[in-house]
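Descriptive structure summary
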Amino acid sequence: MTILSEYLKEQRNEEWRAQLRKKLKGKERTNIPRVDMPEVSAKERTKYQNVEVNLGLDKEKAIIEASRCMDCATPTCIDGCPVQINIPEFVKNIEREEFSLAAQTLKKTSALPAVCGRVCPQEKQCEELCFYTTKLGKDPIAIGYLERFAADWERESGEMSVPECAPSNGKKIAAIGSGPASLSFAGDMAKLGYDVTVFEALHEVGGVLKYGIPEFRLPNSVVDVELDNLSKMGVKFVNNFIVGRTASFDDLKNEGFEGFFVASGAGLPRFMSIPGENYNGILSSNEYLTRVNLMGAASDDNDTPVLRGKTVAVIGGGNTAMDSVRTSKRLGAERSIIVYRRSRAEMPARVEEVNHAEEEGIEFMNLANPVEYFAGEKGRVNKMRVQHMELGEPDASGRRRPVPVEGSEEDIDVDLVIVAVGVSPNPLIPSCLPELEVSKWGTIEVGDNMQSSIPILFAGGDIVRGGATVILAMGDGRNAAASMHEYLSSEKK
Amino acid sequence: MSTNSNHMNRIVDKEFLSENVVKIVVEAPLIAKSRKPGNFIILRVSEKGERIPLTIAAADEKNGTIDLIAQKVGVSTEKLAKMEVGDSLHDLVGPLGKATEISKIGTILACGGGVGIAPLLPIVEGFKKAGNRIVSVLAARSKDLIILEDEIRKWSDEVIIMTDDGSYGTKGLVTEGAEKVIQNEKVDECIAIGPAIMMKFTSLLTKKYNIPTQASLNSIMVDGTGMCGACRVTVGGKTKFTCVDGPEFDAHQIDFDEMMMRLGGYSEEEKKAHETAINQR
């Protein structure tokens, strides 16, 4: 940590930063209101599955927003970033119109800046710890918008910089899964000179960024550019390959792989085990989103079908639930309803996503939980029974526990139900490695350095956390890369 | 071994086993080496194709090929049946699913219905090689729908053929053939693979005689790795995923009625897709 803070200080003391700080008085900076993100109108965007809602900042707006930043001597914002982006450095580069340098600053610690600028919950991370939030009680610097601006500017300029990589050390390592944890790990290891191969079970690389997050929030083309950047750094991608099945860990070791990073994600969708849940027309958010996002089921020229509903209920209050309910609206639902057992305040989804959903006409049925489903003659769901809830004492998560209200059941006509109540870890990898220590929930047990009970095997992301965010997964990837590098370079092994 | 060697997916042989059932032999050296009886693969014919799960009917480790058998049931399987020798599958991944638990048990009654005979083949082979006596009952609507008879015979001590119309073997259902076997000799375990209705009635029969029975399910799937839950099935009152918990389950515990209902879950969409495809011709 001290090395980091000294490095940050050194950067801050550079002549251009010092000059830039003098350009405006503190008061002049703090008087500027926070920028608004331009959006496509709800009416227009819900006509398409792949029109991105947020349009991004233009150059002028970005520069003004960047000039709000005080370039604090102790930039607390960085503490909120799981991949420790040098936030003031990239923001000040935007202020002085060195956009390319801003993008390069991002890429020093983040393998996916254009992705993070779109999907990170900045309001709970860097922006929550911004000086404006903590000390001034004002809207924080729009760090997320600026991150997206710098990454997009570089991409659209057509002059993508490739981060510098150390000369090859000849060591082969494997990353299993190709989601954010793995990509972040692969980027860091490539920079350290390793020969990295990313193995993906599906036919497309990107993990949840491709199969899960819809294009109206994260266009595939944005993900592809970041993947392309990793390829340019020498990272190899192998799709349609299940490590442990297509070839065993031993096969790969014999082929020269010296280290493994398992980031196979949270595979299994959870259901609620209530009567009627296996009727047709009741599916997991994973299935629904995979059909639409990965398989392109919304368009007629793809062979994969997707069920459409007139009245769609989505069970859950997280980002996946928001993604699903907004997708259903785009696929022509007349009513799309979020059914969530707690109140609006406890929803784990990002506020921005909840607001966007509301603008798009999504209905919110809070403090309600399905207890039974009913179906017509062909087994297609046609009705759900919900029980209303009230908030009781706080539970282990610190949120007030929802308590059923006796006799409050209500029947609602629905013809499609998407269950988005969380996921369990994918058992594929642990089932191939009996000596690997896993928790009772099936997550891989690792130490602070992300090392598992098998010394050459590190793990991170949802297979360790059980269900988290893109950026926490990326933090794990970075952490694991640093630890694996230390381990493979040491004498101990 | 090269990690890229399974990415050719080239079709080296193709043969129609009946009008609607096609066998393709595909280059997939890694899968040919690692697959076990009961495993399946997922393939895509083209960039915009569906992910199609198919059981591995046989594998040739030396030549690095696997045999896949598919019945034309919709747009995707029709596209697959149109592929020719020399073409490459767009995607192929596997082996998936739990392998069949094979050991020396005694006498195995292997019941295969229609295209279900294909996944039955490697299981019969496995049990035979483990030293079991195998009595196979193959059933279909008519003679031309009985597939892989010679291959099954190779690994069976006895083979009984049943056809609905009596055009081959004995006229009657698979259950009639199976019951005769059960009445004639001690059967230690039964394997049933075929249409859901056939597995249901075979399971009801063996339950009557208290014979442990495994059925291999062909649920609807998307990813095949546990991620989507489309393949869920109720076994012993609990929801299981066919792709990672199966595809074989204790037949006496399977809710076949629910399974049949779920197999029709996309029938409207499939019908529409089929009509669109026909109109585009």
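Every value quoted in this text rests on a predicted model; they were computed, and no experiment measured them.

A few points about the overall build of chain B
Scanning chain B from N- to C-terminus turns up 9 helices and 15 strands. Over its C-alpha atoms chain B spans a radius of gyration of 18 Å, differing by no more than 12% from the 19 Å that the globule rule assigns to 281 residues. Burial statistics for chain B: of 281 residues in total, 58% are counted as buried. Taken as a whole, chain B presents about 11,800 Å² of accessible surface, with 48% of it coming from carbon and sulfur. Taking the average location of the 35 positive side-chain charges in chain B and that of its 39 negative ones, the two points are 2 Å from each other.

Comments concerning the overall build of chain A
The number of helices and strands found in chain A is 20 helices and 16 strands. On C-alpha atoms alone, chain A measures out to a radius of gyration of 23 Å, which is about the 23 Å that the 2.2 N^0.38 rule sets for 493 residues. Summarising its shape, the C-alpha atoms of chain A cover approximately 75 × 60 × 50 Å along the three principal directions. In chain A, which comprises 493 residues, the share counted as buried stands at 58%. Partitioning the contacts of chain A with sequence separation of at least 6, the portion at a separation of at least 24 is 69%. On chain A, roughly 19,900 Å² of surface is accessible, and the fraction owed to carbon and sulfur atoms is 49%. Taken as two groups, the 59 positive and 73 negative side-chain charges of chain A have centres that lie 3 Å from each other.

Quick word on the interface of chain A and chain B
The interface of chain A with chain B comprises 44 residues on the first partner and 48 residues on the second. Roughly 3,900 Å² of surface becomes buried between chain A and chain B when both sides are summed, with 54% attributable to carbon and sulfur atoms. Its largest share of buried area at the contact with chain B, chain A owes to Arg-245, Asn-278 and Asp-303 of chain A, together 19% of the area lost on that side. Taken together, chain A and chain B are joined by 4 salt bridges. Run the count over chain A and chain B and you get 22 residue pairs in polar contact (both at pLDDT 80 or more). Of all elements in the fold, only α14 (249-254), β5 (268-269), β6 (282-284) and α15 (285-294) of chain A reach the threshold of two or more residues within the side of chain A that touches chain B. The element contributing the most residues to the side of chain A that touches chain B is α15 of chain A, with 4 residues. For the side of chain A that touches chain B, a count of residues per class yields 21 nonpolar, 14 polar and 9 charged.

A word on helix α5 (residues 59-68) of chain A
Where α5 of chain A is concerned, the buried positions are Ala-62, Ile-63, Glu-65, Ala-66, Ser-67 and Arg-68 of chain A. Where α5 of chain A is buried, its residues meet α3 (26-30), α6 (87-95), α7 (99-109), α9 (131-136) and α10 (143-157) of chain A.

Brief notes about the sheet that holds β6 of chain A
Hydrogen bonds between backbone groups are what pair the strands of a sheet, and the pairing can be parallel or antiparallel. All names here are of chain A. Judged by pairing direction, the sheet is parallel, and its 5 strands sit side by side in the order β6-β14-β7-β8-β9 without closing on themselves. Each edge of the open sheet is held by one strand with a lone partner, namely β6 and β9 (363-366). Strand-to-strand twist across the sheet, computed as the mean angle between neighbouring axes with direction ignored, equals 20°. Bridging between strand β7 (residues 311-315) and strand β8 (residues 335-340) involves 5 bridges; their strand directions are parallel. In the strand pairing of β8, Val-312 is matched with Ser-336. Helix α16 (residues 319-330) contacts β7, β8, β9 and β14 (416-419) of the sheet and is inclined by roughly 165° relative to β8.

Things to note about the pattern of salt bridges
Enumeration over the complete set of coordinates arrives at 57 salt bridges over all chains. A salt bridge links Lys-208 of chain B to Glu-179 of chain B, with the shortest nitrogen-to-oxygen separation between them at 3.1 Å. With Lys-208 of chain B in helix α6 (residues 196-208) and Glu-179 of chain B in helix α5 (residues 174-184), this pair connects stretches of sequence that are 29 residues apart. When its relative accessible area of 59% is taken as the criterion, Lys-208 of chain B is described as exposed. Here the salt bridges do not stand alone but share partners, grouping Glu-39, Arg-45, Arg-217, Asp-323, Arg-326, Arg-330, Glu-353, Glu-359 and Glu-360 of chain A into one network.

A closer look at the side chain of Asn-426 of chain A
Here Asn-426 of chain A lies in the loop between β15 (423-424) and α18 (428-432). At 3.0 Å, the side chain of Asn-426 of chain A and the backbone nitrogen of Leu-428 of chain A are in polar contact. In this structure the side chain of Asn-426 of chain A is engaged in a polar contact, spanning 3.2 Å, whose partner is the backbone oxygen of Thr-225 of chain B. Excluding residues within four positions of it along the chain, Asn-426 of chain A makes contact with Ser-264, Gly-265, Ala-266, Gly-267, Leu-268 and Ile-463 of chain A together with Thr-225 of chain B.

Considering a negative patch on the surface
Negative charge collects at one region of the surface, where Asp-58, Glu-60, Glu-97 and Glu-98 of chain A lie side by side. If you trace the backbone, Glu-97 of chain A turns up in the loop between α6 and α7.

As for the nonpolar core
With 72 residues, the main nonpolar core has Ile-87, Phe-90, Ile-94, Leu-146, Phe-185 and Leu-209 of chain A as its most contacted residues. Looking at which element gives the most residues to this core, the answer is helix α20 (residues 470-489) of chain A, with 9 residues. Not counting chain neighbours up to four residues away, the residues in contact with Ile-94 of chain A comprise Ala-62, Ile-63, Ala-66, Phe-99, Ala-102, Leu-146, Phe-149 and Ala-150 of chain A. Within the second largest apolar cluster, 34 residues are counted, among which are Val-306, Val-325 and Met-347 of chain A together with Ile-220 of chain B.

A look at the side chain of Asp-223 of chain B
Residue and element names in this part refer to chain B. Here Asp-223 shows up in the loop between β12 (213-216) and β13 (232-235). A polar atom in the side chain of Asp-223 sits 2.5 Å from the side chain of Thr-225. From its side chain, Asp-223 meets the backbone nitrogen of Met-227 in a polar contact 3.0 Å long.

What to know about the packing of aromatic side chains
Think of a pair of aromatic rings as described by two things: how far the centres are apart, and how the planes are tilted against each other in angle. In total, this model carries 9 aromatic pairs over all chains according to the counting rule given. On the numbers, 6.4 Å between centres and 85° between planes, the contact of Phe-271 of chain A with Phe-241 of chain B is edge-to-face. You can see Phe-271 of chain A sitting in the loop between β5 and β6 and its partner Phe-241 of chain B sitting in strand β14 (residues 238-241), one on each of two chains. Overall, the relative accessible area of 18% leaves Phe-271 of chain A in the buried class.

The rules behind each value
- Residues numbered from 1 in each chain as written.
- Chains lettered and ligands numbered in written order.
- Predicted model: local features only at pLDDT ≥ 70, side-chain atom pairs only at ≥ 80, totals over all residues.
- Heavy atoms only, no water.
- Helix = DSSP H or I, 4+ residues; strand = E, 2+ residues; numbered from the N terminus.
- Rg over C-alpha atoms; globule rule 2.2 N^0.38 Å.
- Buried < 20%, exposed > 50% of the residue type's maximum accessible area, 1.4 Å probe, protein only.
- Areas by Shrake-Rupley, 256 points an atom, 1.4 Å probe, with all protein chains shown as cover.
- Lys, Arg positive; Asp, Glu negative; His and termini not counted.
- Charge placed at Lys NZ, Arg CZ, Asp CG, Glu CD.
- Contact = heavy atoms within 4.5 Å.
- Buried area = accessible area lost by both parts, 1.4 Å probe.
- Salt bridge = Lys/Arg side-chain N within 4 Å of Asp/Glu carboxyl O.
- Polar contact = N/O pair within 3.5 Å; in protein donor to acceptor, adjacent residues only side chain to side chain.
- Nonpolar A, V, L, I, M, F, W, Y, C, P; charged D, E, K, R; others polar.
- Pairing = 2+ DSSP bridges.
- Axes fitted to C-alpha atoms, helices over the stretch in contact; angles between N-to-C directions.
- Patch = residues over 30% accessible without salt bridge, like charges linked within 9 Å, V, L, I, M, F, W, Y side chains within 5 Å.
- Core = buried A, V, L, I, M, F, W, Y, C linked by side-chain atoms within 4.5 Å.
- Phe/Tyr/Trp six-rings, centres within 6.5 Å; stacked < 30°, edge-to-face > 60°.

Don't take any of this as a statement about function, it's just geometry.
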